[in-house]
Amino acid sequence: MPRQLHLNLFLMPRGHHESAWRHPASSARSLTDLELYAGAAKIAEAAKFDAVFLADALVAQTNGGLVASGALEPITLLSALAVLTERIGLIGTASTTYSLPYTLARQFATLDHLSKGRAGWNIVTSWAPQAGLNYGRSEDVGHGERYAIAEDFVQAVDALWRSFPAAAILDDRASGRYFDPAQVQPAHHRGPHWQAQGPLNVPGSPQGRPVYIQAGQSEDGRAFAARWAEAIFTAHLGKDSARAFYTDVKSRAAAFGRRADDILVLPGISAAIGSTQAEADRVWEELDALTSPEIGLARLSARFGGYDFTGVPLDRRLKASDFPDPARVDASKSRATGYVDLALREELTLRQLLQRLAGARGHFTLAGTPEKVADVIEDWFTSGAADGFNVMPPILYQQFEVFAQEVVPILQKRGLFRTGYEGRTLREHFGLAPVAPANHLRLSA
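Here the structure is a predicted model, which means the values were calculated and not measured.

> Sorry, what's going on with the pattern of salt bridges here?
If charged atoms from side chains of opposite charge come close, those side chains can pair. The tally for this structure, following the rule as stated, stands at 22 salt bridges. Arg418 serves as the salt-bridge partner of Asp50, at 3.0 Å between the closest nitrogen and oxygen. Here Asp50 is found in the loop between helix H1 (34–46) and strand E2 (51–54), whereas its partner Arg418 is found in the loop between helix H12 (398–413) and helix H13 (426–429), with 368 residues between them in sequence. With its nearest N and O atoms 2.7 Å apart, the salt bridge here joins Glu151 to Arg227. Taken together, the residues Glu151 in helix H4 (residues 143–163) and Arg227 in helix H5 (residues 219–228) connect sequence positions 76 residues apart. A single salt-bridge network, built from bridges that share partners, covers Asp158, Arg162, Arg209, Glu230 and Arg427.

Encoded structure:
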């Protein structure tokens, strides 16, 4: 079978551009309205997307009240979407730094059951400054330590998900035995950061366990992904960077006895689409006109661990000395490095950099006709830069509807993307090998 493209909807409530909430084409529904998210998920499912993905933030996004904030918690929201959809995968973000392994293992196992095998866990270490204060810590955890904590955390969760196999459920009314205790064993996880006795009190889920997703691009993040990730959500400003990352992370997987095909690499893409190039360009122009440097400076500062950029002139070309050393940034190290490289390579002013980041925060952006967008997707897919994409519409629903109704049919016509779901689970959509097939629960037709 020819290699197939994978598409996820990265769902931001009114769109990915920071001023999308103000644009007249964006949805007027509240960020706490279930129908806002359900509508987007149904568009994605009708277009046969692999999954809907929800990010998460552990701190309040204040930014002077100029940015839409106050979105819903992802695992609870995805549980509701599981009832309102039938086939599309449901990927939620949860932190290994500020969660508990037993609680998280129960939550995602439950989501996998409710969705009949469509759950994925986006494993993050949480870079946001001041997140620690919201969880009773006097200071935030350093970058390297966060990945050490994450390694221990995932080992604990993985052991818990194996502790109560689905095959242990007998439900035998005649004999009076509901489950076989011999098959249910404590996890006995004792790591340097986490302890979890187990067994879990939720039996093995339809996929064996939810799919592991990861999004880090630093050296620590790549090493972690090579061991655990089954799909990687990654951010690149151009194809060359994406191709280098793709080659590197897949080659690293061999050290853990894994094949390159065991990991899907899915960069973000935020496309402004119009019937002509001029119409597509106007989408970005209209959105940029609605934003302000104050918002961009706050976001940029957060990515650099709270660094103060207010003394840098907005309309002078940026210099290396205008930034802190990215290697010393303990927040979002890989993203900070990419921002500096972009600014110096393209000789941007601070104002121009803020505008470039307003649309997709360091992910790839473009403007063009549906045909042009499909060409770019095919080029990255066939040239070893991506196995698919996280689609990040700048305006929801309008721009996502155009993508689903005009770009997807082109990809289908070219034989790159499915015209119908062949499986029921997220693991099947992604073409991933089954996990512990003897322990799968039988799915109803």
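> Sorry if this is basic, but what is going on with a nonpolar patch on the surface here?
On the surface, Leu34, Val83 and Leu84 cluster together into a nonpolar patch covering about 250 Å² of accessible area. Following the sequence through the fold, Leu84 ends up in helix H2 (residues 74–84).

> When you look at the packing of aromatic side chains in this model, what are you seeing that I'm missing?
Evaluated as defined, the whole model comprises 21 aromatic pairs. Note on Phe10 and Phe53: the rings are 4.7 Å apart at their centroids and 50 degrees apart in plane angle, and the pair reads as tilted. Residue Phe10 is found in strand E1 (residues 6–10), and its partner Phe53 is found in strand E2; the two are separated by 43 residues along the sequence. Judged by centre distance (4.9 Å) and plane angle (70 degrees), the ring pair of Tyr307 and Phe309 falls under edge-to-face. A residue is classified by how much of its surface remains accessible, and Tyr307, at 30% relative accessible area, is partly exposed.

> I'm lost on the environment of Ile273 in this one. Help?
Counting through the fold element by element, Ile273 comes out in strand E11 (residues 264–273). Each C-alpha atom, one on Ile273 and one on Phe400, is 9.2 Å from the other, the two residues being 127 residues apart in sequence. Contacts of Ile273, omitting those with residues within four sequence positions, involve Ala280, Val283, Gly368, Thr369, Pro370, Val373, Gln399, Val402, Phe403 and Val407.

> Quick question: what am I supposed to make of the side chain of Ser95 here?
Among the secondary structure elements, Ser95 is positioned in strand E3 (residues 89–95). Look at Ser95 and you get buried, because its relative accessible area is 5%. One polar contact links the side chain of Ser95 to the main-chain amide nitrogen of Thr97, over a distance of 3.0 Å. In this structure Ser95 touches Leu58, Val124, Thr125, Ser126 and Phe153, once residues within four positions along its chain are discounted.

> Can you walk me through H4 in this structure?
The α-helix advances 3.6 residues per turn, and as a result positions three or four apart in sequence lie on the same side. Taking 1.5 Å per residue, 21 residues should reach 30 Å; H4 reaches 31 Å between its end C-alpha atoms and fits that length. Burial analysis of H4 places 16 of its 21 residues in the buried class, which makes it a mostly covered element.

> Honestly, the nonpolar core in this entry has me stumped. Any pointers?
In a soluble, globular protein the nonpolar side chains are often hidden away together inside. Leu7, Phe49, Trp121 and Phe403 are the most contacted members of the largest nonpolar core, which has 84 residues in total. Apart from residues lying up to four places away in sequence, Trp121 is in contact with Gly92, Ala94, Thr96, Leu104, Phe108, Phe153, Val154, Val157, Trp161, Val211, Tyr212 and Ile213. Judged by nonpolar contacts, the second largest core, of 18 residues, contains Phe304, Leu350, Leu353 and Leu354.

> Where do I start with H1 in this structure?
If you check H1, its first and last C-alpha atoms are 18 Å apart, about what 13 residues at 1.5 Å a residue would give, namely 18 Å. Each element contacted by the buried residues of H1 is listed here: E1, E2, H2 and H12. One side-chain oxygen of the residue at the start of H1 lies 2.9 Å from the amide nitrogen of Glu35, identifying that residue as Asp33. The positive-phi residue at the C-terminal boundary of H1 is Lys48, with phi of around 70 degrees.

> Sorry if this is basic, but what is going on with the pairing of strand E5 (residues 169–172) here?
Sheet topology note: the E5/strand E6 (residues 177–179) ladder contains two bridges and is antiparallel. Its bridge partner being in E6, Asp172 is matched across the sheet by Arg177. If you look at the hairpin formed by E5 and E6, you'll find four residues sitting between the two strands, and Gly176 has a positive phi there, around 85 degrees.

> I would appreciate a short explanation of the packing of helix H11 (residues 370–382) against H12 in the present structure.
Between H11 and H12, whose axes approach to 9 Å, the crossing angle comes to 55 degrees. Classified by the angle between their axes, H11 and H12 sit oblique to one another. The handedness of the crossing between H11 and H12 is right-handed. Here H11 contributes Pro370, Glu371, Val373, Ala374 and Ile377 to the contact with H12, which in turn contributes Phe403, Glu406, Val407, Ile410 and Leu411.

> Can you walk me through the side chain of Arg361 in this structure?
Looking at where Arg361 falls in the secondary structure, it is placed in the loop between helix H10 (350–360) and strand E12 (364–368). Buried and without a salt bridge, Arg361 has Glu18 as its closest oppositely charged side chain, separated by 7.3 Å. The residues touching Arg361, leaving out its near neighbours within four places in the chain, are Phe10, His16, Arg299, Arg335, Tyr339 and Met392.

> What exactly am I supposed to notice about unusual backbone geometry here?
Leave glycine aside and you will find that most residues have negative phi; peptide bonds, for their part, are mostly trans. Looking along the chain, the bond that leaves Gly198 and enters Pro199 is cis, with omega of 0 degrees. Examined against the element boundaries, Pro199 turns out to sit in the loop between strand E8 (195–196) and strand E9 (211–214). Across the junction of Leu396 and Tyr397, the peptide omega takes the value 10 degrees, indicating a cis bond. The backbone phi angle of His188 is positive, close to 55 degrees, even though this residue is not glycine. Taking the relative accessible area as the measure of exposure, His188 reaches 51% and is therefore exposed.

> What is the right way to read the confidence of the model for the protein chain from this model?
Detailed reading of predicted coordinates is not advised where the pLDDT is low. Averaged over every residue, the pLDDT of the protein chain is 91; residues scoring 70 or more account for 95%. Below a pLDDT of 50 lies the segment residues 437–445, which in the model reaches 23 contacts outside its immediate sequence neighbourhood of four places, other chains included.

> Quick question: what am I supposed to make of the pairing of strand E10 (residues 231–234) here?
Moving residue by residue along a regular strand, the side chains alternate between the two faces of the sheet. The alternating pattern of E10 places Ala231 and Phe233 and Ile232 and Thr234 on opposite faces, both of which are buried. In the sheet, E9 pairs with E10 via two bridges, with the strands oriented parallel. Looking across to E10, one finds that Gln214 is bridged to Ile232. What joins E9 to E10 is H5, and the crossover it makes is right-handed. With four bridges joining them, E10 and E11 adopt parallel strand pairing. Looking at E11, one finds that Ala231 is bridged to Leu264. Following the chain from E10 across helix H6 (residues 239–253) to the adjacent parallel E11, one finds a crossover that is right-handed.

Cut-offs applied
- The residue numbers shown here count from 1 along each chain, following its written sequence.
- Owing to the predicted nature of the model, reporting of local features is limited to residues with pLDDT of at least 70; listing and counting of side-chain atom pairs is limited to 80 or more, with chain, interface and lining totals taken over all residues.
- To get the side-chain values, take all heavy atoms of the structure and skip hydrogens and water.
- Note on definitions: salt bridges are taken to be side-chain nitrogens of Lys or Arg within 4 Å of carboxyl oxygens of Asp or Glu.
- A run of H or I in DSSP becomes a helix once it reaches four residues, and a run of E becomes a strand once it reaches two; helices and strands are each numbered from the N terminus.
- Each patch is built from residues lacking any salt bridge and having more than 30% relative accessible area; the joining distance is 9 Å for like charges and 5 Å for nonpolar side chains (Val, Leu, Ile, Met, Phe, Trp, Tyr).
- Using the Shrake-Rupley algorithm and a 1.4 Å probe, accessible areas are obtained, with residue cover drawn only from the displayed protein chains.
- Any pair of Phe, Tyr and Trp rings, taking the six-membered ring for Trp, is counted once the centres come within 6.5 Å. Such a pair is stacked with planes under 30 degrees apart, edge-to-face with planes over 60 apart, and tilted for the rest.
- Three exposure classes are used, based on accessible area relative to the maximum for each residue type with a 1.4 Å probe and protein chains only: buried under 20%, partly exposed in between, and exposed over 50%.
- In what follows, a contact means two residues having at least one pair of non-hydrogen atoms within 4.5 Å.
- Pairs of N or O atoms within 3.5 Å make up the polar contacts considered here, provided that, within protein, one atom can donate a hydrogen while the other can accept it, and that residues adjacent in sequence are counted only when both atoms are side-chain atoms.
- To estimate how far a helix should reach, multiply one less than its number of residues by 1.5 Å.
- We call a set of buried Ala, Val, Leu, Ile, Met, Phe, Trp, Tyr and Cys residues a nonpolar core when their side-chain atoms join them within 4.5 Å.
- Think of it this way: DSSP has to see at least two bridges between two strands before they count as a pair.
- Angles run from 0 to 180 degrees between N-to-C directions of axes, and those axes are lines fitted to C-alpha atoms, restricted for helices to the stretch in contact.
- Should an angle fall under 35 degrees it is called roughly parallel, over 145 degrees roughly antiparallel, and 65 to 115 degrees roughly perpendicular, with every other angle called oblique.
- Here a crossing is called left-handed whenever its near helix is offset anticlockwise from the far helix by less than a right angle, and right-handed whenever the offset is clockwise.
- We score Asp and Glu as negative and Lys and Arg as positive, and we do not count His or the chain ends.
- Scored between 0 and 100, pLDDT is the confidence that the predictor attaches to each residue.
- When the strands point away from the viewer, a crossover counts as right-handed if the path from the first strand over the helix to the second runs clockwise.

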